[in-house]
Amino acid sequence: MKHVKLGTLDVGRIGLGAMGMSAAYTGAGSDDSESIRTIHRALDLGVTLIDTAEVYGPYTNEELVGRAIKGRRDELVLATKFGFISHRGDTGGRAGVADSTPENIRIAVEGSLRRLGTDRIDLYYQHRVDRRTPIEETIGVLAELVSEGKVLHLGLSEAWLDTIRRAHAVHPISVLQSEYSLWTRDQEPEVLPLLRELGIGFVPYSPLGHGFLTGQVRSLDDLAADDWRRTNPRFTGANFQRNLRIADEVGAVAREAAATPAQVALAWLLAKGDDIAPIPGTKRVTRLEENLAADDLLLTSQQLATLDALTPAEGDHHNEAQARTLER
Ligand SMILES: NC(=O)c1ccc[n+]([C@@H]2O[C@H](COP(=O)([O-])OP(=O)(O)OC[C@H]3O[C@@H](n4cnc5c(N)ncnc54)[C@H](OP(=O)(O)O)[C@@H]3O)[C@@H](O)[C@H]2O)c1
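The paragraphs below set out a description of the structure included in this document.

Parameters at a glance
- Residues numbered from 1 in each chain as written.
- Predicted model: local features only at pLDDT ≥ 70, side-chain atom pairs only at ≥ 80, totals over all residues.
- Heavy atoms only, no water.
- Near = heavy atom within 4 Å.
- Polar contact = N/O pair within 3.5 Å; in protein donor to acceptor, adjacent residues only side chain to side chain.
- Areas by Shrake-Rupley, 256 points an atom, 1.4 Å probe, with all protein chains shown as cover.
- Helix = DSSP H or I, 4+ residues; strand = E, 2+ residues; numbered from the N terminus.
- Nonpolar A, V, L, I, M, F, W, Y, C, P; charged D, E, K, R; others polar.
- Pairing = 2+ DSSP bridges.
- Phe/Tyr/Trp six-rings, centres within 6.5 Å; stacked < 30°, edge-to-face > 60°.
- Buried < 20%, exposed > 50% of the residue type's maximum accessible area, 1.4 Å probe, protein only.
- Lys NZ or Arg CZ within 6 Å of the ring centre and 35° of its normal.
- Contact = heavy atoms within 4.5 Å.
- Right-handed = clockwise from strand over helix to strand, strands pointing away.
- Salt bridge = Lys/Arg side-chain N within 4 Å of Asp/Glu carboxyl O.

## Remarks on the site of the ligand
Here is step 1: What surrounds the ligand is a group of 31 residues, the closest being Y25, D51, L208, T282 and K283.
Here is step 2: Taking D51, its side chain carries an N or O atom lying 2.7 Å from an oxygen atom of the ligand.
Here is step 3: At a separation of 3.2 Å, an oxygen atom of the ligand approaches a polar backbone atom of G209.
Here is step 4: If the ligand stood free it would expose 900 Å²; the protein chains cover 95% of that surface.
Here is step 5: Ranked by residue count, the leading element in the shell around the ligand is helix 10 (residues 285-292), at 3 residues.
Here is step 6: Looking at the shell around the ligand, its residues break down into 10 nonpolar, 13 polar and 8 charged.

Here it is in structure tokens:
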């Protein structure tokens, strides 16, 4: 596996997103043994960056990752996130609440360290910008955690230009993690250039478009009743049918490249720069192996141009309530 630098952090350039093992998607939590095998296989194949968050489950995904990495802690770059659960006062333990106050972060970090079974988090992300807490206060307490050795590198998620600049001025930010894929490209005009100016790396989440770009989700009947994607505008109503055309276009490039659509979606991202490390999510060994083979797939300039010109997606990438938590 080729490596890239995210700020000062060195990682294998394809990571593993662990969220779907415990939350959000069809089959989450149904086979923890296969999920743990997937994490082990990832480490065997040179993955270093493993991505979780306290809100996945909540808590159960960190616990699962903690079990999986027992005895192998030094082989990976362990990334988790705080700030989507408020542990303070009356709201104690409530998920979905942006809370990046120093008090909340102090509580959150101890919980994550305990569940992950480790004395340090390699990459600690603010999961969502908390509009009521100045980012300087948040980064201030994170910088204290760095000096205490509990956290090694800092990240932001779904933060926009002003927040990124202000945060980076308080303490170096190593990584921004935001949605970026063949059908979600709003990071390209302004955010990516800013990251490059500041020397911050980029981790695209949902690089397979929540699985849609792989062509394996052809009908809503493929998704369980509580699958998060059923609330996503791109998977809803007429948009779903219209968006199948995008999966077909990716499939056509994949046939030409003698690769799979998932590999094409990842190789397209990797071609965008050596400061980019996508974290495709899967809970299955076979799909993990398929996804990691994208490391060896070099698309031609014609194939990249075809992918750059894909039919735009119908529907926003988040529903209204979730979109309000994203900075734009
Ligand atoms: N910072 C944030 O706010 C944020 C938000 C969302 C996600 N994330 C992180 O990003 C990671 C990845 O994003 P994601 O999981 O939302 O979406 P994704 O990686 O775009 O897609 C994951 C989905 O694709 C399926 N899949 C994976 N490989 C496949 C393959 N080769 N062929 C067919 N289907 C395949 C998975 O199913 P199976 O598991 O059944 O294989 C799963 O349903 C998450 O795990 C999480 O760690 C972060």
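## As for the sheet that holds strand 3 (residues 16-17)
Here is step 1: Read across the open sheet, the 7 strands follow the order 3-4-5-8-9-10-11; overall the sheet is parallel. Here the strands that pair on one side only, and so sit at the sheet edges, are strand 3 and strand 11 (201-205).
Here is step 2: Bridge analysis of strand 8 (residues 121-126) against strand 9 (residues 151-157) gives 5 bridges, and the strand direction is parallel. Counted as the bridge partner of L123 is H153 from strand 9.

## Quick look at the packing of aromatic side chains
Here is step 1: By the definition in use, this model includes 9 aromatic pairs.
Here is step 2: Arranged with centres 6.2 Å apart and planes meeting at 45°, the rings of F235 and F240 form a pair that is tilted. Both residues of the pair, F235 and F240, belong to the buried class.
Here is step 3: R229 extends its terminal NZ or CZ atom over the ring of Y25, reaching a point 4.3 Å from the ring centre.
Here is step 4: The positively charged end of R234 is found above the aromatic ring belonging to W183, 4.9 Å away from the centroid.

## Quick word on the environment of L45
Here is step 1: When you line up the elements, L45 lands in the loop between helix 2 (32-44) and strand 4 (49-51).
Here is step 2: A relative accessible area of 33% means that L45 is categorised as partly exposed.
Here is step 3: For the pair formed by L45 and L288, sequence separation is 243 residues and the distance between their alpha carbons is 9.7 Å.
Here is step 4: L45 has contacts with M1, L288, E289 and L292, leaving out every residue within four places of it along the chain.

## Focus: the pairing of strand 8
Here is step 1: In terms of burial, strand 8 is largely enclosed, as 6 of its 6 residues are buried.
Here is step 2: Remark: the strand 8/helix 5 (residues 135-147)/strand 9 crossover connection has right-handed handedness.

## Details of the pattern of salt bridges
Here is step 1: With the rule as written, the count across this model stands at 32 salt bridges.
Here is step 2: With its nearest N and O atoms 3.0 Å apart, the salt bridge here joins R185 to E188.
Here is step 3: The residue R185 makes a salt bridge to D308 at a minimum N-O spacing of 3.2 Å. Within this pair, whereas R185 is found in the loop between strand 10 (175-179) and helix 7 (191-198), its partner D308 is found in helix 11 (residues 301-308), the two being separated by 123 residues in sequence.
Here is step 4: Among the ionic contacts, a cluster of salt bridges with common partners joins R185, E188, K272 and D308.

## Considerations on the pairing of strand 5 (residues 77-82)
Here is step 1: The buried fraction of strand 5 is high, at 6 of 6 residues.
Here is step 2: Both faces of strand 5 are covered, namely the face carrying V77, A79 and K81 and the face carrying L78, T80 and F82.
Here is step 3: Here strand 4 pairs with strand 5 via 3 bridges, running parallel. Directly across from D51, in strand 5, lies its bridge partner A79.

## Overview of unusual backbone geometry
Here is step 1: A cis amide bond links G57 with the next residue in sequence, P58, at an omega value of -5°.
Here is step 2: For P58, the position within the fold is in the loop between strand 4 and helix 3 (60-68).
Here is step 3: In this model, A24 sits at a positive phi of 80°, which is unusual for a non-glycine residue.
Here is step 4: Tracing the backbone through its elements, the reader meets A24 in the loop between helix 1 (19-22) and helix 2.

Interpretation note: all reported values are geometric properties and have no functional meaning in isolation.
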